[in-house]
Amino acid sequence: MTLQTARDTAMRRLDRPLRLTQIGMAAERFTWCFWRAWSVLFALLAVLMLGLHERAPIEILWIGALVSGAALLWFLFTGLRWFRWPSREEALRRLDSTLPGRPLQALGDEQAVGAGDAASQAVWAAHLERMAARAAEAKRVPPDLRISRRDPYALRYVALTALAVGILFGSVLHVTTIGDAVSGPGGDGLVAGPSWEGWVEPPAYTGKPTLYLADIAAGPLDAPKGSRVSLRLYGEVGALSVDETVSARAGEEIVPATAATQEFDIRQDGRLAIMGPGGREWQVSIAEDAAPGVSFDGDLEREASGRMQQGFRARDDYGVVSGRAVFTLDNDGLPRRYGLASDPEPRPDIVVDLPMTISGNRADFSETLVEDFSKHAWAGLPVRLTLTVLDASGQEGSSAPMDLSLPGRRFFDPLAGALIEQRRDLLWTRANGPRVSKVIRAVTHRPDDIIRDGSTYLPLRVALRRLEAGITAPGGLSEEVRDEVAEALWSIAVKIEEGDLANAAERLRRAQERLAEAIRNGATDNEIAELMEDLREAMRDYMRQLAQQQNQDQQQELSENTQEITGDQLQELLDRLQQLMEEGRTAEAMQLLEQLRQMMENMQITQGQQGQGGESAGEQAMRGLAETLRDQQGLSDEAFRDLQEQFNPQSGESDQGQGSQGDRGRGQDQEGEQGGEGSGDSQQGDQGNPRPGENGGPDSRSLADRQGELQRRLDALRENLPGAGSEAGDAARDALRRGGEQMGQAEEALEDGALAEALDGQARAMEAIREGMRSLGEALAQQQQNGQGQQQGQLDRGGQQQDPLGREAGTSGSLGSDDSILQGDDIYRRARDLLDEIRRRSGERERPQIELEYLKRLLDRF
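Worth saying up front: this structure is predicted, and the values here are computed from it rather than measured.

Caption draft 1: Spotlight on the packing of aromatic side chains. One pass over the full model with this rule turns up 10 aromatic pairs. Where Phe 30 meets Phe 34, the ring centres are 4.7 Å apart and the plane angle is 35°; that geometry is what we call tilted. Taken together, the positions of Phe 30 and Phe 34, both in helix α2 (residues 15–49) and 4 residues apart, correspond to about one turn of that helix. Assessed through its relative accessible area of 41%, Phe 30 is described here as partly exposed. Between Phe 411 and Trp 490 the ring centres are 5.5 Å apart and the planes differ by 85°, which places this aromatic pair in the edge-to-face class. Residue Phe 411 is located in the loop between β17 (402–405) and α11 (414–428), and its partner Trp 490 is located in helix α15 (residues 479–498); the two are separated by 79 residues in the primary sequence. Both residues of the pair, Phe 411 and Trp 490, count as buried. Within the aromatic cluster, the residues linked to one another by ring pairs are Phe 30, Phe 34, Trp 38 and Phe 83.

What follows is the structure, given as structure tokens:
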């Protein structure tokens, strides 16, 4: 085979990839040159298919047509100018550039050196054969259609997206109307004669479809009020006209009857006619749209916390848009006595929005109004509740009024209830300010007989002084001072009502008192149920606290007459108490509640085997902290009693010193003023912070010594506290350190006779001790859980290890033995006691999770 034959064979093999590469180059150049033109064309087609030209004014339509046509022609011109069909040589060079060694160019080369040498020619022939083999592997080169550099804003994609929208949501038939739109009403219409189109579009809230007037025969026509009428008159101006009496237009709203485009709303019944060739006439009537309605659904529910719930049902033929509840004071049913005897200050009605259903049909739905008006001045007073709803057309519907007492929080503590009543009188009118101040001053005159919580006395005295200062101000009692005092009275009353929730015994006592007061006052079933739940929770906390504090030595010291009661028996008593209240047997319920109170004062929780085996270091530390906290609380109570004695050195003296000391107890240093009540000489001086040796100085020095002893005891407990290295243990040490510092500050204040300052320090110290006990409990729980697996199989120094059922460990090291734990005559009582013990322990959530799961499995099995 000659060299020329090899070249021809190789080129024939390249004919197909070369032709495809040439076509790809043509497509590439076409894309680069004409992408602007087809983008404009796509945008025009999208506009036409969506029918936008049919709605646009004729001027905008002509301008758009001219601009888009000019742009399209310019882009076509520039594209044709730049476009060149690729030649075979250009395609050959691109194809050769993709092959290694450019074999196509090598096949066209001639031997320049050694043409007469046989060996040189043989080498050259071999080289051409290799190039021909490489050329035979050539494939088409794909075109580069990317034009992102020429179209950085992706306008081509915008046009393509618009075209896709036109294809999906438009119609190709709209393109055929371009001629009518460009020619306008006077174009083909002049030849075909006058014509018209019209639509009636009901309001969106009705959900009804648009009516095409050309398809509706003359005669009666029903349409909702507010429907939009749109008319288009085509043909010679004046050939057609509109005559209507449904819009009630006047003044500038009136347009010529022969106007080509007219739009108006249907406001009333009347006549709508298109006068002229092909005209039509309708008698329009407003479709009935009933007013919305609302009614109460169920009885009003009140909670002891003050929150109210009232169900209601609203309905409308097209749907309710909004609603409101209006509470109006019922002056006729108002008890005009005491603080309510004065004329009230103007106060607007209570207006709250009604909740609307979010999902579902608002044509007919039910919802519940939930509000809390405990702090409102009308809480507990007779009011009249009216519900009002509104539909989309502006129509209103109201319910029948309901007479009720404005729900609010119930205060069962007598002192808290008295403060809330004075707060209501103060909000009723500022003219009641002097009367309220006298009542509060009388309440605080002898606080020992009324106020149990010393932390509420000083804030109450401060509120009293603030009220009296506002009354004697030049402008009288202002609204700002009144609202400030009212908020303070509310906070004090809530604190008195709830009591010290950190003390289980105090919480139990408060729960019993509140329940007894609620029974006497005839509280509602919901309030009774909520108070019963509080009593159950307080009872559980109290029993848990007794179980933690009680040890084996204390059990031996108990009197033989001490009453024993199990958790299940207490639960039965509570269930019986709730049953009596539900049956309305209040006298028996009160008697049972009193028995329960006396029982709790002298009861012993049965411990089973819990007290055996000694205490761990963590339990000893927890018990020591509890004793320290209890002693600190007792010391704080004694300091508070000494402070009260300073306020009331004798019963016949004026209570002026109390008011001034109450302010000094909060950091103020004012001169005493002469009191307006009581008898005797007025006293002046710094009574709030007496000097050492005055007003019971020896007692204060004794309190300071005891405070220092408590601080040293707390420091010793902190040094020997378990759980070192853990996050909870370090937090406990830090809290106890802060508690010791507060005790030191309280000791210094007691030495100086500043009892009010000492009380603040003692309160902060007790809070720090409580925080330390919580952190220590978490540390012990973590430590116990981590060492649970290591402790199994080991024996205590005092005897063998026992499982939760009291069984001794076997000799092989595993828990349990062959000995029966139900020996004796009374095996059923023993089984019941064991089951009660398992239930009690399963209710202690602070126990390790693995133990709680084990107890739960025992309960499920037995």
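From this point, things continue past the structure.
Caption draft 2: The sheet that holds strand β8 (residues 280–286), seen in detail. Spatial ordering of the open sheet is given by β3-β8-β7-β5, a layout of 4 strands whose pairing is mixed. In the strand order of this sheet, the two ends are held by β3 (219–223) and β5 (241–244), each with one partner. Direction aside, the axes of adjacent strands within the sheet are offset by 25° on average. Taken together, the 4 bridges between β5 and strand β7 (residues 270–275) define a ladder with antiparallel strand orientation. Across the sheet, the residue bridging to Ser 241 is Met 275, located in β7.

Caption draft 3: Spatial organisation of the sheet that holds strand β6 (residues 261–265). Taken in spatial order, the 4 strands of this open sheet run β2-β1-β4-β6, and their pairing is antiparallel. At either end of the open sheet lies a strand with only one pairing partner, and these are β2 (211–212) and β6.

Caption draft 4: Molecular detail of the nonpolar core. Counting residues in hydrophobic clusters, the biggest one holds 53 residues, and the most contacted among them are Phe 411, Leu 419, Leu 460, Leu 625, Leu 721 and Leu 776. Per element, the largest residue contribution to this core is 9 residues, and it comes from helix α25 (residues 755–786). For Leu 776, the contacting residues outside a window of four places in its chain are Ala 621, Met 622, Leu 625, Leu 721, Pro 722 and Ala 732.

What counts, and at which threshold
- Residues numbered from 1 in each chain as written.
- Predicted model: local features only at pLDDT ≥ 70, side-chain atom pairs only at ≥ 80, totals over all residues.
- Heavy atoms only, no water.
- Phe/Tyr/Trp six-rings, centres within 6.5 Å; stacked < 30°, edge-to-face > 60°.
- Helix = DSSP H or I, 4+ residues; strand = E, 2+ residues; numbered from the N terminus.
- Buried < 20%, exposed > 50% of the residue type's maximum accessible area, 1.4 Å probe, protein only.
- Pairing = 2+ DSSP bridges.
- Axes fitted to C-alpha atoms, helices over the stretch in contact; angles between N-to-C directions.
- Core = buried A, V, L, I, M, F, W, Y, C linked by side-chain atoms within 4.5 Å.
- Contact = heavy atoms within 4.5 Å.

So, to be careful, I would describe these as geometric facts and stop short of saying anything about function.
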